[in-house]
Amino acid sequence: MDTMAAIKQTFFQECEEQLVELESGLLALEDGTSEPDTINAVFRAVHSIKGGAGAFGLEQLVRFAHAFETALDLVRGGKLTATRAILKTMLSAADVLADLVRITREDGVADDAEITRMVQQLEAISHGGAAAAGSQPADAEPADDLDFVPIQISLADLIGAGPSGTRSFKIRFEPKTGFYARANEPLVMLREISRLGAMRVTCDQTRLPSLTELDPEGAYLAWEIHLDTESDESALRDIFEFVEFDCDISIEEKQVEADFDTDAFAQLMSLASGQTPPMAQPLEPRTEQIAAEIASRNESETANRKSDANKGFNQAGATIRVDLERVERLIDLVGELVINQAMLSQRVAEARIARSSALAMGLDELEQLSREIQDSVMAIRAQPVKPIFQRMSRVVREAADMTGKSVTLHCDGDSTEVDKTVIERLTDPLTHMIRNAIDHGIEKPEVRLAAGKPESGHIRLAAMHRSGRVVIEVSDDGGGINRERVRSAAIAKGLIEPEAQLSDEEIDNLIFLPGFSTAATVTDMSGRGVGMDVVKRSIQALGGRISIASTPGRGSTFVMSLPLTLAVLDGMIVSVADETLIVPLTAIVETLKPSTGDIYHMGGDSRVIRIRDTFVPLIDIGHVLGYRNKLADPQNCVVVLIDLEGHARRALLVDTIQGQRQVVIKSLEANYRRVDGIAAATILGDGRVALILDVDAVVENANGKAASSASESLDLDHDTHARAPQRAHDFATELEPEPVE
Amino acid sequence: MSTKMRKPEVLKLAENLDITEATPLIGELLKHRGADIKIDASSVKKMGGQCLQALLCASATWTLDGTHIEIITPSDDFLQCVEAYGLHLSHFSSQEPAL
């Protein structure tokens, strides 16, 4: 990739961040949870996109962003009140801007009609606001000139201050109660600052309460000042010297925009395009200048740790952007390291070297270190689910508009972190579930009112960590699953027998069957032939599980339980009919040695085991997976008690337990093909391939086997279930490498 | 609206709107809540941050209430203060109610 393309890519990455900032700010303004600086952040986001787009000559993007920021500037300047209607338009504009950024990035063709329509709406807002304020026309440049730095190249560093020596500062000054109590006045500070140069002041009133709640001696106002001065920062700080503990002050020096050295800029651009420029003067002295600047900033930081003047500078150094490919490569290598270390441990154990020997102890330390490295590498990939949750707010808006329903989205736990791959693959299932909830779950306003519910439907999206997994819930307060209709549809489609006796839970789960759809008509949103079966398959492909709980008239809740990462797993290594399998540790409750008196036969192949006065179905893994035809004798086995989603328990019968270990997950789908009952594979210390059990699927298979003799009712994939164990066995045989000597 | 039929009441601001004036000013403003009001700023020579807060708050409250508030006959000192605070007179008047 050439340099300019790389810079452009960075610009688009930053656009993504700005778009998230924009949407989250607008949503905060809409639901009244905004901070004083929210409108500035929203404006800055659009302004930055416009600035960067201008640098790359992306005219359509510039034009749209300009119309958008003009409207935002009026809100920011207090000339326009951000009513619900205006915020709704702005959220739609944010959606269009996001589309436009994506299309521009992909060199696609934008929908001109949609953009024109949106620009007209924004202009209508701006004209209204400007008319109300009786001031500047809507197409005037926004008053502010916040800097956009699409790439981390500081022109100010390269070219220094303008020839006139004028510097530009942005100051935020927020008095606390103590400020007034000590007889200080903001006006004095503002007048002192004005003596240093030309300034522009904005008063931030966003924290003002209503008059009845106003504490006469409270402090609610803040000021943002843009100052062009020939003085330095210390002169500014001197003004606040005696009040620094009674107010929050931030001083940022802005990048110089005007009067820059065109030669230096030409040199910079030539460097970016790989050409050798006719240099008016060598670049080296300037590099020294930058180094000197950095050194002086570092000194200043040490001298005044309380100062946050260099906040932006320090923050820029605190994060780096890394290509995802490099991270993936690192993760793969760490995976190999862990496998190698396991092999080494095995060799040491086989050589019967004493655990107290220096070699064995060194190996233990290596194991611990490998684990820490692995955890740290995994943390690089962990990201909060917030961006995907925010994307859902657009889905809700669009779906609500399309169906003519009023729906609000509430998100909880959006800071919950999960592996990037998991996040990326969650978008489609979540989108489908939310559209489904709005299309089929939430009732029309008149129906809701008649049922005594609020006119507006409510969807809740929540994420949380639970037992080493991430759980995501999508719930709505709609009408719940219409079980009679679901059952009729399933019968009509031949999915179940008319006389089949199904529990409520079983009827609810029918919606996950392939091709199932109850929509009377195919709508624009859902009902396109892909349904909840696709959602379920997507979640299962992630190593996750999905369940549903529905109450008629009160709504439905879908619960997805997903692994935190797709790279490693803590597992218990067990032997079953001479095969080595891994049972994920997160599913295991306890292990026990069964006694014959606790086992009860229930007819056919069904058995249950009594564990402390509770009867739990007993599943012989070897039998279910087809490793053996006859059921194993529990007396010669060990029971692994597992917890399923929904707190149901099952007892898995295995021959022996070898130990517990963190294993590196190798995708079965990528290397072989999907095998029912098996989640993935791993390579053990002795170089052998071991299969990682998908305990839920194994339990389902066991249920299928048990039910198949009595009923054909729910198990819809008999062929798959029957063939799966054989396939699993084939795979282990096929891929097993020669033992490492 | 009946309130619009009545002649707006006038509240005269003190000369020195310092911290000691904030509590009485809020009290006076609250007495007039629900009615259209004109604030006479002709005598103002100084306006501190806390009285400024009270006046801005009143403007927002009157706007929400759907009643009218405005500054009349502002003194030069008052206008200078307003400008120095980064505001203009329209910030002290009720605006069209938000949806």
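Reading the values: rules and limits
- Residues numbered from 1 in each chain as written.
- Chains lettered and ligands numbered in written order.
- Predicted model: local features only at pLDDT ≥ 70, side-chain atom pairs only at ≥ 80, totals over all residues.
- Helix = DSSP H or I, 4+ residues; strand = E, 2+ residues; numbered from the N terminus.
- Buried ≥ 20, exposed ≤ 12 C-beta atoms within 10 Å, placed from the backbone.
- Contact = placed C-beta atoms within 7 Å.
- Axes fitted to C-alpha atoms, helices over the stretch in contact; angles between N-to-C directions.
- Parallel < 35°, antiparallel > 145°, perpendicular 65-115°, else oblique.
- Left-handed = near helix turned anticlockwise from the far one by under 90°.
- Nonpolar A, V, L, I, M, F, W, Y, C, P; charged D, E, K, R; others polar.
- Pairing = 2+ DSSP bridges.
- Core = buried A, V, L, I, M, F, W, Y, C linked by C-beta atoms within 7 Å.
- Domains from an automatic or database assignment.
- Expected span 1.5 Å × (residues − 1).
- pLDDT = per-residue confidence, 0-100.

## Thoughts on the overall build of chain A
A tally of regular secondary structure across chain A gives 25 helices and 22 strands. Burial statistics for chain A: of 741 residues in total, 33% are counted as buried. Taking the intrachain contacts of chain A between residues at least 6 apart in sequence as the baseline, contacts between residues at least 24 apart amount to 70%.

## Let's talk about the overall build of chain B
Each helix and strand in chain B was counted, giving four helices and five strands. Going residue by residue from the N terminus, the α and β elements of chain B occur as α-β-β-α-β-β-α-β-α. The proportion of buried residues among the 99 residues of chain B is 37%. Sequence-distant contacts in chain B: of pairs separated by 6 or more residues, those separated by 24 or more amount to 86%.

## Observations concerning the packing of helix H13 (residues 324-350) of chain A against helix H14 (residues 358-381) of chain A
All names here are of chain A. At a minimum axis separation of 10 Å, H13 and H14 run at an interaxial angle of 160 degrees. Taken together, H13 and H14 sit at an angle that is classed as roughly antiparallel. The hand of the H13/H14 crossing is left-handed. Here Val-327, Leu-330, Ile-331, Val-334, Leu-337, Val-338, Gln-341, Leu-344, Ser-345 and Val-348 of H13 come into contact with H14, specifically with Leu-359, Ala-360, Leu-363, Leu-366, Glu-367, Ser-370, Ile-373, Gln-374, Val-377, Ile-380 and Arg-381. Looking at the contact of H13 with H14 residue by residue, the class counts come to 15 nonpolar, four polar and two charged.

## With respect to the packing of helix H3 (residues 59-76) of chain A against helix H4 (residues 84-105) of chain A
Residues and elements named next belong to chain A. Relative orientation of the contacting elements H3 and H4 amounts to 160 degrees, with a least axis distance of 10 Å. Here H3 lies roughly antiparallel to H4, going by the angle between them. Here H3 runs over H4; the crossing is left-handed. Contacts from Gln-60, Leu-61, Phe-64, Ala-65, Phe-68 and Ala-71 of H3 reach H4 at Met-90, Ala-93, Leu-97, Leu-100, Val-101 and Thr-104. Of the residues assigned to the contact of H3 with H4, the class counts are ten nonpolar, two polar and no charged.

## Concerning the interface of chain A and chain B
In this assembly, 28 residues from chain A lie in contact with 28 residues from chain B. Among the secondary structure elements, those contributing two or more residues to the side of chain A that touches chain B are H4, helix H5 (112-133), helix H8 (186-194) and strand E2 (197-204) of chain A. Here the side of chain A that touches chain B takes four residues from H8 of chain A, the largest share from any one element. For the side of chain A that touches chain B, the class distribution of residues is 17 nonpolar, seven polar and four charged.

## A look at the sheet that holds E2 of chain A
All names here are of chain A. Taken in spatial order, the four strands of this open sheet run E2-E3-E1-E4, and their pairing is antiparallel. A strand with exactly one partner marks an edge of an open sheet, and here the two such strands are E2 and strand E4 (247-253). Adjacent strand axes in the sheet meet at a mean angle of 15 degrees, parallel and antiparallel pairs treated alike. Sheet topology places strand E1 (residues 167-175) next to strand E3 (residues 222-229); seven bridges connect them, and they run antiparallel. Bridge pairing links Arg-167 to Thr-229 in E3. Strands in contact with H8 are E1, E2 and E3; relative to E3, the strand with the most contacts, it is inclined by about 15 degrees.

## Focus: the nonpolar core
Residues Val-583, Ile-619, Ile-621, Ile-692 and Leu-693 of chain A are the most contacted members of the largest nonpolar core, which totals 50 residues. Top element by residues in this core is strand E12 (residues 568-576) of chain A. It accounts for six residues. If you count residues domain by domain, this core takes at least three from each of domain 3 (324-382) and domain 5 (568-735) of chain A. Excluding its chain neighbours within four sequence positions, the residues that come into contact with Leu-693 of chain A are Leu-581, Ile-582, Val-583, Ile-678, Ala-679 and Val-698 of chain A. In terms of nonpolar packing, the next biggest core, distinct from the first, is built from 49 residues, Phe-169 and Ile-225 of chain A together with Leu-29 and Tyr-85 of chain B among them.

## Considerations on helix H3 (residues 49-65) of chain B
Residue and element names in this part refer to chain B. Spanning 17 residues, H3 covers 24 Å between terminal C-alpha atoms, matching the ideal 24 Å at 1.5 Å per step. The element H3 is largely enclosed, with a buried count of 13 among its 17 residues. Just past H3, the residue Gly-66 takes up positive phi, approximately 80 degrees.

## Overview of the sheet that holds strand E13 (residues 579-584) of chain A
Residues and elements named next belong to chain A. With mixed pairing, the five strands of this open sheet are ordered in space as E20-E12-E13-E22-E21. Of all strands in the sheet, those with a lone pairing partner are strand E20 (656-664) and strand E21 (678-683), marking the two edges. The average angle at which neighbouring strand axes cross in this sheet is 35 degrees, direction not considered. In terms of strand pairing, E12 meets E13 through six bridges, oriented antiparallel. By the bridge assignment, Val-574 is partnered in E13 with Leu-581.

## Let's talk about the environment of Trp-223 of chain A
Within the secondary structure layout, Trp-223 of chain A lies in strand E3. Sequence separation between Trp-223 of chain A and Arg-172 of chain A is 51 residues, and the spatial gap between their C-alpha atoms is 5.8 Å.

## So, the pairing of strand E3 (residues 37-40) of chain B
Residues and elements named next belong to chain B. Burial along E3 is one-sided: the residues Ile-37 and Ile-39 are buried and none of Lys-38 and Asp-40 is. Pairing of strand E1 (residues 9-12) with E3 involves four bridges; the strand directions are parallel. Paired with Lys-12 across the strands is Asp-40, a residue of E3.

## Observations concerning the pairing of strand E22 (residues 689-693) of chain A
Within a regular strand, the side chains alternate between the two sheet faces. Residues and elements named next belong to chain A. The buried fraction of E22 amounts to five of the five residues, a majority that puts the element mostly inside the structure. Side chains of E22 alternate between two faces, with Val-689, Leu-691 and Leu-693 and Ala-690 and Ile-692 buried alike. Here E13 runs beside E22; their pairing, made up of two bridges, is parallel. Residue Leu-581 lies in a different strand from E22, and its bridge partner there is Leu-691.

## Structural notes on the confidence of the model for chain B
All names here are of chain B. Averaged over every residue, the pLDDT of chain B is 85; residues scoring 70 or more account for 89%. Looking over chain B, one finds the lowest element-wise mean pLDDT in helix H1 (residues 2-5), namely 41, and the highest in E3, namely 93. Within the model, the stretch residues 1-5 combines pLDDT values under 50 with four contacts to residues more than four positions away or in other chains. In the predicted complex, the global pTM is 0.48; the interface-specific ipTM is 0.91.

## Some remarks on the environment of Lys-12 of chain B
Residues and elements named next belong to chain B. Along the chain, Lys-12 turns up in strand E1. Counting along the chain gives 29 residues from Lys-12 to Ala-41, while the straight-line C-alpha distance between them is 6.4 Å. The residues touching Lys-12, leaving out its near neighbours within four places in the chain, are Asp-40 and Ser-43.

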